[in-house]
Amino acid sequence: MEVDFLLIGQGLAGTILSHRLLQLGKKVMVIDLPNANQSSRIAAGLYNPITGKKMVKTWNADLLFPEIEPLYFQLEGLLGTKFLYKKNIYRPFLNIEEQNEWMGKTGDPGFEPYFEEIFSKELFPEVINPFGGILLKNSGYVDINALLDAYSAYLKNRNLLLEEEFEEEFLEGDRDGFRYKGISAKGIVYCNGLGAMKSRYFSNLPFAPVKGEILDLVQRFHPDEIINRGVFRITLPNGNLRVGSTYTWHDLDQGPTENAKNELLEKLEKLVPEEVSAIQSHRFGIRPATKDRKPIIGEHPDFPGVYIFNGFGAKGVSLIPYYSNMMVEMLLSSHQPEKEVNIARFGKT
Ligand SMILES: Cc1cc2nc3c(=O)[nH]c(=O)nc-3n(C[C@H](O)[C@H](O)[C@H](O)COP(=O)(O)OP(=O)(O)OC[C@H]3O[C@@H](n4cnc5c(N)ncnc54)[C@H](O)[C@@H]3O)c2cc1C
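Residues numbered from 1 in each chain as written. Predicted model: local features only at pLDDT ≥ 70, side-chain atom pairs only at ≥ 80, totals over all residues.

1. Remarks on the overall build of the protein
And then number 1: What the protein contains, in helices and strands, is 7 helices and 21 strands.
And then number 2: Relative to its length of 349 residues, the protein is compact, with a C-alpha radius of gyration of 21 Å against a globular reference of 20 Å.
And then number 3: Summarising its shape, the C-alpha atoms of the protein cover approximately 65 × 45 × 40 Å along the three principal directions.
And then number 4: Looking at the protein alone, contacts between residues at least 24 apart form 72% of all its contacts between residues at least 6 apart. (Helix = DSSP H or I, 4+ residues; strand = E, 2+ residues; numbered from the N terminus. Rg over C-alpha atoms; globule rule 2.2 N^0.38 Å. Contact = placed C-beta atoms within 7 Å.)

2. Some thoughts on the environment of Ala289
And then number 1: The topology assignment puts Ala289 in the loop between strand 19 (278-287) and strand 20 (296-299).
And then number 2: Measuring from C-alpha to C-alpha, the distance between Ala289 and Gly313 comes to 3.7 Å, with 24 residues separating the pair along the chain.
And then number 3: Every residue in contact with Ala289, bar those within four places of it in the chain, is listed here: Ala208, Pro209, Val210, Gly311, Gly313 and Ala314.

3. What about the domain arrangement of the protein?
And then number 1: Domain parsing of the protein yields domain 1 (2-43 + 145-204 + 293-346), domain 2 (88-138) and domain 3 (210-287).
And then number 2: The C-alpha centroid of domain 3 is placed 30 Å from the C-alpha centroid of domain 1.
And then number 3: Among the residues forming the side of domain 1 that touches domain 3, the class breakdown is 4 nonpolar, 3 polar and no charged. (Domains from an automatic or database assignment. Nonpolar A, V, L, I, M, F, W, Y, C, P; charged D, E, K, R; others polar.)

4. Describing unusual backbone geometry
And then number 1: Looking along the chain, the bond that leaves Gly244 and enters Ser245 is cis, with omega of -15°.
And then number 2: Looking at where Ser245 falls in the secondary structure, it is placed in the loop between strand 18 (241-244) and helix 6 (258-271).
And then number 3: The backbone of Asn138 sits at a positive phi, close to 65°, despite the residue not being glycine.
And then number 4: Of note, Asn138 is situated in the loop between strand 9 (133-136) and strand 10 (140-142).
And then number 5: Residue Asn138 is classed as buried on the basis of its 20 C-beta neighbours within 10 Å.
And then number 6: Located in the positive-phi region is Ser334, a residue other than glycine, with phi close to 55°.
And then number 7: Examined against the element boundaries, Ser334 turns out to sit in the segment after helix 7 (316-333).
And then number 8: When the 8 C-beta atoms within 10 Å are taken as the criterion, Ser334 is described as exposed. (Buried ≥ 20, exposed ≤ 12 C-beta atoms within 10 Å, placed from the backbone.)

5. A closer look at the site of the ligand
And then number 1: Surveying the vicinity of the ligand reveals 40 residues, the closest of which are Gly9, Gly11, Gly193, Gly195 and Gly316.
And then number 2: Breaking the shell around the ligand down by element, the ones donating at least two residues are helix 1 (12-23), helix 2 (39-42), strand 15 (210-218), strand 19 and helix 7.
And then number 3: The residue inventory of the shell around the ligand, partitioned by class, reads 17 nonpolar, 19 polar and 4 charged.
And then number 4: Viewed by domain, the shell around the ligand spans two of them, domain 1 (2-43 + 145-204 + 293-346) and domain 3 (210-287), each represented by three or more residues. (Near = placed C-beta within 6 Å.)

6. Some remarks on the sheet that holds strand 3 (residues 46-47)
And then number 1: Strand order in the open sheet formed by 3 strands is 3-10-6, and the pairing between neighbours is antiparallel. Every interior strand has two partners, whereas the edge strands, strand 3 and strand 6 (84-86), have only one.
And then number 2: Of the strand pairs in this sheet, strand 6 and strand 10 are connected by 3 bridges, and their pairing is antiparallel. Bridging across to strand 10, Lys86 finds its partner in Gly140.
And then number 3: Packing against the sheet, helix 3 (residues 61-79) makes contact with strand 3, strand 6 and strand 10, and its axis sits at approximately 140° to strand 6. (Pairing = 2+ DSSP bridges. Axes fitted to C-alpha atoms, helices over the stretch in contact; angles between N-to-C directions.)

7. Examining the packing of helix 1 against helix 7
When two helices pack together, their arrangement is given by the angle between their axes and by how far apart the axes lie.
And then number 1: For the pair helix 1 and helix 7, the least separation of the axes is 9 Å and the interaxial angle reads 40°. Judged on the interaxial angle alone, helix 7 and helix 1 are oblique. For the pair helix 1 and helix 7, the sense of crossing is right-handed. In contact with Leu12, Ala13, Ile16, Leu17, Arg20 and Leu21 of helix 1, helix 7 contributes Gly316, Val317, Ile320, Pro321, Ser324, Asn325, Met327 and Val328.
And then number 2: The class makeup of the residues in the contact of helix 1 with helix 7 is 10 nonpolar, 3 polar and 1 charged. (Parallel < 35°, antiparallel > 145°, perpendicular 65-115°, else oblique. Left-handed = near helix turned anticlockwise from the far one by under 90°.)

In structure tokens:
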């Protein structure tokens, strides 16, 4: 079988990149080991333009956000499955100074695409929000599991997915392209998250895996809005609440921990101090993050035709729609990705 590109990994990165290539008429084959504890299957799928303790516009928001909803909406149409949930995010103010600061930004055209409304008084009695808060738009979440399941069925129907481990020792390459177990490809793209750390091509890249834990639980208050301060709290279609996430750089292989569960419940108590009547699930995943917190995109400096599309860390849902376009430009027209995300920033690996 001959293809243009062989993609390793069908997490969010491999899914969206292969979709973009197929839309342009390119031939792809995707290899993915299902049931691995991949980051995409654990993620809450939030896309949020104003993030962090200091509530700043997320990095490159004005480039990233126009791409997000159109892409997931297009994929919903293609796959006939719902997974994009556009939701306002409500962020309570911590104090009067913060309220004043954000009141001052209301007329700022830089924030206009993301502001729905500002409240100077409590909006929800169930939430600790004595100083009001800000309601964001251009935000929501993607049910990534629903997207990956539907897309993997779509690929399988077209014989474009191999559900098995990619074994790099069977990969051969020369000037004419690559061969892997009966598949010939002009290029190979590693979209395999932290799996790239085991690759002979990419193991020296500065990955910095970040563990995250997340709870599904039951509380009485079910607003349509996502509530976000310290933790996020999403009302799921079944009425359960999803609460996350933690960030740790140690205990990566310990599975879900009591510490993380308690941390999430304590932060939730400070946001929505209602009884938690049940915890439905407690899951963990490891984010494919990098030391400089930027994606890693581009062609290997010593091995032409070997590419990487990776390092989406905690923000794959917002980053991948935009950067997949840049990756396609590189694959099809040899346009170099911008310096900040280009693998070239690490020199020879
Ligand atoms: C708790 C938690 C909460 C999160 N919340 C959010 C959020 O709210 N919003 C957000 O944007 N992001 C969130 N993230 C981050 C998000 O999950 C990532 O940014 C994104 O999903 C990364 O996608 P990926 O495809 O690069 O990697 P992955 O999802 O890890 O996918 C890699 C794929 O490659 C496959 N693979 C690896 N090695 C091989 C091999 N040798 N052979 C075959 N297949 C292989 C794996 O099986 C997997 O399918 C969260 C992550 C965690 C852990």
